[in-house]
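Structure at a glance
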Number of protein chains: 2
Amino acid sequence: MNRVCALFQIKYPIIQGGMVWNSGWRLASAVSNAGGLGLIGAGSMYPDVLRTHIARCQEATDQPFGVNVPLLYPNIEEIMDIILEMNVKIVFTSAGNPRLYTGRLKEKGITVVHVVSSVAFAQKAEQAGVDAIVAEGFEAGGHNGREETTTLTLIPMVNRSISCPLIAAGGIATGSGMLAAMVLGADGVQLGSRFVASLESSAHQLFKEKVVSAKEGDTVLTLKELAPVRLMKNKFYQDLEALYQQNPSKEELQQLLGRARAKRGMFEGDLIDGELEIGQISGLIDNIRPAAEIVADLVKEYNMALEELPGVI
Amino acid sequence: MNRVCALFQIKYPIIQGGMVWNSGWRLASAVSNAGGLGLIGAGSMYPDVLRTHIARCQEATDQPFGVNVPLLYPNIEEIMDIILEMNVKIVFTSAGNPRLYTGRLKEKGITVVHVVSSVAFAQKAEQAGVDAIVAEGFEAGGHNGREETTTLTLIPMVNRSISCPLIAAGGIATGSGMLAAMVLGADGVQLGSRFVASLESSAHQLFKEKVVSAKEGDTVLTLKELAPVRLMKNKFYQDLEALYQQNPSKEELQQLLGRARAKRGMFEGDLIDGELEIGQISGLIDNIRPAAEIVADLVKEYNMALEELPGVI
């Protein structure tokens, strides 16, 4: 049996990334009901909001689902308490030290997965005792690693450095992308951008349409002095570029970024001055679909790609 | 029959990238004799040197081989004259406008391939009448595109935008990497870094050993203000970084880069002050091998990866 399916007790090794402003209970439960693993993105939720989303998700599906928790968030202790209290079974941690919470969560029987962007952090996460690792490449949307290692090169290098199940993320939106990642040594895949453009995503409709219209070259990794983030080249990005011409300090960059700019872009639909986090593979995404159809298509395309393989050479 | 094999009349759809300072007649003929397509890298050769390499390659193999020509090089007219005069059958062009020479070369019966790093340039190259396109991702060593699109995302997007044969480059050094690229829609692959670390490469032994010892995260894309180039993070790169702290002009960057720095690093083995161009996949390369064994291993690994595929889901 596939190691990712066995670990999470799911039908397909397809995980929906727990993204800020995009991944509430509607999306997570829809993906889980379709046989994948849905994740609630706690990173953009106040504790009470997260509580509501977990409760709704538990009502909406009897299948496994999880919560993604960026470890650097300010109210992290409260978030972890809610997760334990509400009996969440699967936690994906990111953006922080996996040693901080892995032990505590695993003691309570929770399956813990950590997201990394380099071989060194993959090894540290495995040493911290996680059950699986998501290795995410440079092409991924949103927050990203400093090494800029791409999924195609990262997956085989992480694969030979760890022994726990490996989930590939960054640049995957189709069944053939999924098969390619698994050929490289991944046990499963995590998709973000593809699920932003789903009916159940909590992204603003205008942002979803922007993702669908995106072309190759429309995203960029920027704000490397703060925390590298991949986003669309809209007016906010042009403002950033103009500031960069003046050799800005971190404080000046932080000031331009301000607060709530990601919410403004992705959740409120301000395509001009908002921050629109999305991956390079948005250039390949052409429609907004129900999450269940996205999962079904991934499976169909994956099986078709297996059938249409070139022969031995 | 595989479209790349048919186009070049070769046994395996494996192309050795025509790299500056690494790809002379020894490497090109060894790869061609092993059933792949070897390329002489004209970019680092004076016209007379290129003439010698073509002649030696013609003596060393009766199999097809080609020459890679960066179109922006100063003595380009002389290079093209030599190619026509010496009856070279295959030309890969890069770094310039494919309309300039494609027609003239094809009139003489030469197979012309152009290297691109974006969908827009792939479409322009096809319109210019090339026989095949190499699409090269952000992870590739040496000169690189401004869009920073990775191979995993670039290949499917280029694949649906053109109809001529498509060769994937950037981040490939193994048979499973090759299969992954072909799952994504490529007809064949071009490998650079893997062939730098070959016995027949004209790279300095110290540079080859440096490639073998490279780890994930050891390369970086820099000099974006001049022409983006991926290289190893050695002292020369640290000097660049120090200069970047001072918000340098293009002229200051050009002055630090100077002339012949790539030759100094890759050909003369100055690992400290030389420019060491190499791809991210160097982190996966662990040995210096004869080119024929590299080709044979790629084929063996590719066929093994086909056999070990996960089943339908």
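Residues numbered from 1 in each chain as written. Chains lettered and ligands numbered in written order. Predicted model: local features only at pLDDT ≥ 70, side-chain atom pairs only at ≥ 80, totals over all residues.

Topic: the overall build of chain A
The helix and strand inventory of chain A stands at 14 helices and eleven strands. Computed over its C-alpha atoms, the radius of gyration of chain A comes to 18 Å, within 12% of the 20 Å expected for a compact globule of 313 residues. Taking all contacts inside chain A whose residues are at least 6 apart in sequence as the whole, residues at least 24 apart take part in 65%. (Helix = DSSP H or I, 4+ residues; strand = E, 2+ residues; numbered from the N terminus. Rg over C-alpha atoms; globule rule 2.2 N^0.38 Å. Contact = placed C-beta atoms within 7 Å.)

With respect to the packing of helix H8 (residues 175-183) of chain A against helix H14 (residues 291-307) of chain A
Packed helices, taken two at a time, are described by the angle their axes make and the gap between the axes. Residues and elements named next belong to chain A. H14 packs onto H8 with a crossing angle of 60° between their chain directions and a minimal axis gap of 7 Å. Overall, the two elements H8 and H14 adopt an arrangement that is oblique. With respect to the hand of their crossing, H8 and H14 are arranged in right-handed fashion. Contacts between H8 and H14 involve Gly175, Ser176, Met178 and Leu179 on the former and, on the latter, Leu298, Val299, Lys300, Glu301, Tyr302, Met304, Ala305 and Leu306. A class-by-class count of the residues in the contact of H8 with H14 yields eight nonpolar, two polar and two charged. (Axes fitted to C-alpha atoms, helices over the stretch in contact; angles between N-to-C directions. Parallel < 35°, antiparallel > 145°, perpendicular 65-115°, else oblique. Left-handed = near helix turned anticlockwise from the far one by under 90°. Nonpolar A, V, L, I, M, F, W, Y, C, P; charged D, E, K, R; others polar.)

Focus on the relation of the copies chain A and chain B
Note on the copies: chain A fits chain B at an RMSD of 0.0 Å, the axial shift is 0.0 Å, and the rotation between them is 180°. What the superposition gives is, in effect, a two-fold axis relating one chain to the other. Rotation axis and chain A: the residue whose C-alpha lies nearest the axis is Ala180 of chain A, separated from it by 2.2 Å. Comparing interface residues between copies, 100% of those in chain A also sit at the interface in chain B, which points to an isologous, same-surface contact. (Least-squares fit on C-alpha atoms with pLDDT ≥ 70 in both.)

Quick notes on the sheet that holds strand S11 (residues 229-232) of chain B
Residue and element names in this part refer to chain B. With antiparallel pairing, the three strands of this open sheet are ordered in space as S7-S11-S10. Edge positions in the sheet fall to strand S7 (142-143) and strand S10 (219-222), since each has one partner strand and no second. Two elements, S10 and S11, share four bridges in a ladder whose sense is antiparallel. Along S11, the bridge assignment pairs Thr219 with Met232. (Pairing = 2+ DSSP bridges.)

Some words on the interface of chain A and chain B
Between chain A and chain B, the contact holds 40 residues from the first and 40 residues from the second. Contributing elements (two or more residues each) for the side of chain A that touches chain B: helix H7 (151-159), H8 and H14 of chain A.

Regarding the packing of helix H2 (residues 25-33) of chain B against helix H3 (residues 47-60) of chain B
Residues and elements named next belong to chain B. Interhelical geometry of H2 versus H3 gives an angle of 30° and a closest axis separation of 9 Å. In terms of their interaxial angle, H2 and H3 are classed as roughly parallel. Like other packed secondary-structure pairs, H2 and H3 cross with a definite hand, here right-handed. Listed contacts from H3 to Trp25, Ala28 and Ser29 of H2 are His53, Arg56, Cys57 and Ala60. Of the residues belonging to the contact of H2 with H3, the class tally is four nonpolar, two polar and one charged.

Comments concerning the domain arrangement of chain A
Residues and elements named next belong to chain A. Domains assigned within chain A are domain 1 (3-202 + 286-307) and domain 2 (205-281). Each of domain 1 and domain 2 has a C-alpha centre, and the two are 23 Å apart. Facing 26 residues of domain 1, the contacting portion of domain 2 comprises 17 residues. Those elements that place two or more of their residues in the side of domain 1 that touches domain 2 are strand S7 (142-143) and helix H9 (193-196). (Domains from an automatic or database assignment.)

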